[in-house]
Amino acid sequence: MWLRRLFEKIGENTLGAWKAFYEVLHFSFVCFFHALNPHSYHTAMRTVLIKQIYFTAVELLPLFISMAVVFGSIIIGVVIYVAMSYSLQSEIGSILVTFVLDEFAPFFTALLVSLRSGAAINTEIAVMKVNNELNTLKEYDIDIIDYLFLPRILSGIVSITFLSVLFAIVMLLSGYVFSFLLSDIDFGTYRYMLLNAVTLQDFVILLVKSFAFGLVTMLIPIYSGLKTQKSYTAIPVSVLQGMVKLFIALFVIEVVSLLVQSL
Amino acid sequence: MEEYLASLSNRSLIGEETPLISNLNMVENIALIKEAHENKDMQEAQAEALAVLAALGLESIAQKRVSQCNALEIFYVMFVRALMAPKKHIVLKMPLSLTESLGSICDILAKMEPFLQERGDFLEILDLEVNRAHYKRCIDAVS
């Protein structure tokens, strides 16, 4: 009896997960087609887009650069020290480029922006849903995808891509400072190691991952906010569920990218 | 009342169903309509909104958000927002749910009348029969 209920529960949850995945996919395609329509880019939409890029990327810069310097200094210094202790000096460039450009920079940027902007956007959309403000936009013929969702999604993609590249650059530069203290590598040698190791593929991976992270960092919180029940007590539940789904999506993208790179 | 509202496709609604946007200030709430429908520049749309608020003596609330304004101020801003919409038919549904007292409704309507006439808008008020007495002064003034 309990086994039957267990299987029923597993089946129910699996079907629910697939249904949610299909709905998010459908929602993203609708947003994509709106993004292709020039009429979507009216003044109100552009105003929101600029504000969102400011809130997501520009306001974050001081903390972001500080963390890039701290992480760059320590992590890269440690990586170089460990590589040298295993006589892998010739591979230091490849290790650093793969670690920083392909993995750490985009993923860490996505985590930071998710925690900050993802949660805020989820809450914002959920509050608007509960307060009936989405209905106001509908009544006044203001397309909510064009005005609310598209600028946030585009700002996520632009911000995370820009911040990932910036993070990688600052991390690699500050990493030199620490490694110089540990291993006496001069800047010319360090620069040569990195430039020799970096390939077009690394930039493509960085940009594609940043794009994917940027998309889900905004799309999933927006979708979660839209699904909020019409009660103020449902808002924190919506934010919690949205953030959990978002982090799962970030890890899935990371794992898929690792699998693709290993092929 | 709901069925009648649903039958009116080409109208701007002022009611509990159309609250102001809470993450915008009063001027931005009004300017949003012009920015979205007429693609007006942000500064131009906000200047136009500010001009109407100033004409109503409400320029002090221009930069305030919903939580910082009282019910009457919010009601005026909702009215001005409806005036900015391209639709000429404005429906005011159950004003008592928006203002603290219906005693002031005739004064509010008298204040908004020049703007309605200037734009050529048609105002329709939907309310319960029990509230008819509150509109007597307005009806007497018109007739």
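Residues numbered from 1 in each chain as written. Chains lettered and ligands numbered in written order. Predicted model: local features only at pLDDT ≥ 70, side-chain atom pairs only at ≥ 80, totals over all residues. Heavy atoms only, no water.

Draft legend 1. Summary view of the overall build of chain B. Broken down by element type, chain B carries six helices and three strands. When the helices and strands of chain B are listed from N to C terminus, the series reads α-β-α-α-α-β-α-β-α. Against the 2.2 N^0.38 benchmark of 15 Å for 143 residues, chain B shows a C-alpha radius of gyration of 15 Å, consistent with a compact globule. Principal axes of the C-alpha set define a box for chain B whose edges measure 45 × 30 × 25 Å. When each of the 143 residues of chain B is scored for burial, the buried share is 50%. Sequence-distant contacts, at least 24 apart, represent 75% of the contacts inside chain B between residues at least 6 apart. (Helix = DSSP H or I, 4+ residues; strand = E, 2+ residues; numbered from the N terminus. Rg over C-alpha atoms; globule rule 2.2 N^0.38 Å. Buried < 20%, exposed > 50% of the residue type's maximum accessible area, 1.4 Å probe, protein only. Contact = heavy atoms within 4.5 Å.)

Draft legend 2. Molecular detail of the pattern of salt bridges. All names here are of chain A. If you walk through the whole model with that rule in mind, you get 17 salt bridges over all chains. Note that R116 and E59 form a salt bridge whose closest N and O atoms lie 3.0 Å from each other. With R116 in helix α4 (residues 92-130) and E59 in the loop between α2 (43-58) and α3 (61-85), the pair connects residues that are 57 residues apart, well separated along the chain. According to the relative accessible area criterion, R116 is partly exposed, its value standing at 33%. Of the residues examined, E59 reaches a relative accessible area of 39% and is grouped as partly exposed. Between E103 and K209 there is a salt bridge, and its shortest N-O distance comes to 3.0 Å. (Salt bridge = Lys/Arg side-chain N within 4 Å of Asp/Glu carboxyl O.)

Draft legend 3. Layout of the nonpolar core. In this structure, Y147 of chain A together with I14, F79 and M112 of chain B are the most contacted members of the largest nonpolar core, which totals 62 residues. The residues touching Y147 of chain A, leaving out its near neighbours within four places in the chain, are A44, M45, V48, L137, I142 and R152 of chain A together with L24 and L32 of chain B. (Core = buried A, V, L, I, M, F, W, Y, C linked by side-chain atoms within 4.5 Å.)

Draft legend 4. Representation of the packing of aromatic side chains in the model. All names here are of chain A. Summed over the entire model, instances satisfying the criterion amount to 17 aromatic pairs over all chains. Look at F99 and F104: their rings are 5.4 Å apart centre to centre, the planes differ by 25°, and that puts the pair in the stacked class. Residue F104 is classed as buried on the basis of its relative accessible area, which comes to 17%. Taking 5.1 Å as the distance between ring centres and 50° as the angle between the ring planes, the aromatic pair formed by Y176 and Y190 counts as tilted. Taken together, the residues span a long stretch of sequence, with Y176 in helix α6 (residues 144-183) and Y190 in helix α7 (residues 187-197) at a distance of 14 residues. In this structure, Y176 and Y190 share a single accessibility class: buried. Through a chain of ring-to-ring contacts, the aromatic side chains of F64, F71, F99, F104, F108 and F167 assemble into a single cluster. (Phe/Tyr/Trp six-rings, centres within 6.5 Å; stacked < 30°, edge-to-face > 60°.)

Draft legend 5. How the structure looks around the interface of chain B and chain A. If you look at the interface, chain B gives 28 residues, while chain A gives 21 residues. Here chain B and chain A share an interface that buries about 1,800 Å² over both sides, 52% of which is from carbon and sulfur atoms. Where chain B touches chain A, the interface holds three salt bridges. Put simply, chain B and chain A have eleven residue pairs in polar contact (both at pLDDT 80 or more) between them. Elements represented by at least two residues in the side of chain B that touches chain A include exactly β1 (11-14), α2 (26-37) and α4 (71-84) of chain B. When residues of the side of chain B that touches chain A are assigned to their parent elements, the largest contribution, six residues, is made by α2 of chain B. Within the side of chain B that touches chain A, the residues separate by chemical class into 13 nonpolar, six polar and nine charged. (Buried area = accessible area lost by both parts, 1.4 Å probe. Polar contact = N/O pair within 3.5 Å; in protein donor to acceptor, adjacent residues only side chain to side chain. Nonpolar A, V, L, I, M, F, W, Y, C, P; charged D, E, K, R; others polar.)

Draft legend 6. Structural detail: the sheet that holds strand β3 (residues 122-126) of chain B. All names here are of chain B. Ordered by their spatial adjacency, three strands build an open sheet running β1-β2-β3, and the pairing between neighbours is parallel. In the strand order of this sheet, the two ends are held by β1 and β3, each with one partner. Across the sheet, the axes of successive neighbouring strands diverge by a mean angle of 25°, strand direction being ignored. Taken together, the five bridges between strand β2 (residues 89-93) and β3 define a ladder with parallel strand orientation. (Pairing = 2+ DSSP bridges. Axes fitted to C-alpha atoms, helices over the stretch in contact; angles between N-to-C directions.)

Draft legend 7. The packing of α2 of chain A against α4 of chain A, seen in detail. Running from amino to carboxyl end, α2 of chain A crosses α4 of chain A at an angle of 145°, the nearest separation of the two axes being 10 Å. Where α2 of chain A approaches α4 of chain A, its residues Q52, F55 and T56 of chain A are matched on the opposing element by V113, R116, S117 and I121 of chain A.

Draft legend 8. Representation of the environment of L173 of chain A in the model. By the secondary structure assignment, L173 of chain A is in helix α6. A C-alpha to C-alpha distance of 9.7 Å links L173 of chain A and I76 of chain A, two positions 97 residues apart in sequence.

Draft legend 9. A look at a nonpolar patch on the surface. All names here are of chain A. A cluster of nonpolar residues, V70, I74, V78, Y81, V82, Y86, L88, I95, V177, F178, F180 and L181, forms a patch on the protein surface that exposes about 1,100 Å² of accessible area. Only α3 and α6 provide two or more residues apiece to the nonpolar patch. Broken down by element, the nonpolar patch gets its largest block of residues, five residues, from α3. Summarising the element assignment, V70 is placed in helix α3. Take V70: its relative accessible area is 47%, and that puts it in the partly exposed class. (Patch = residues over 30% accessible without salt bridge, like charges linked within 9 Å, V, L, I, M, F, W, Y side chains within 5 Å. Areas by Shrake-Rupley, 256 points an atom, 1.4 Å probe, with all protein chains shown as cover.)

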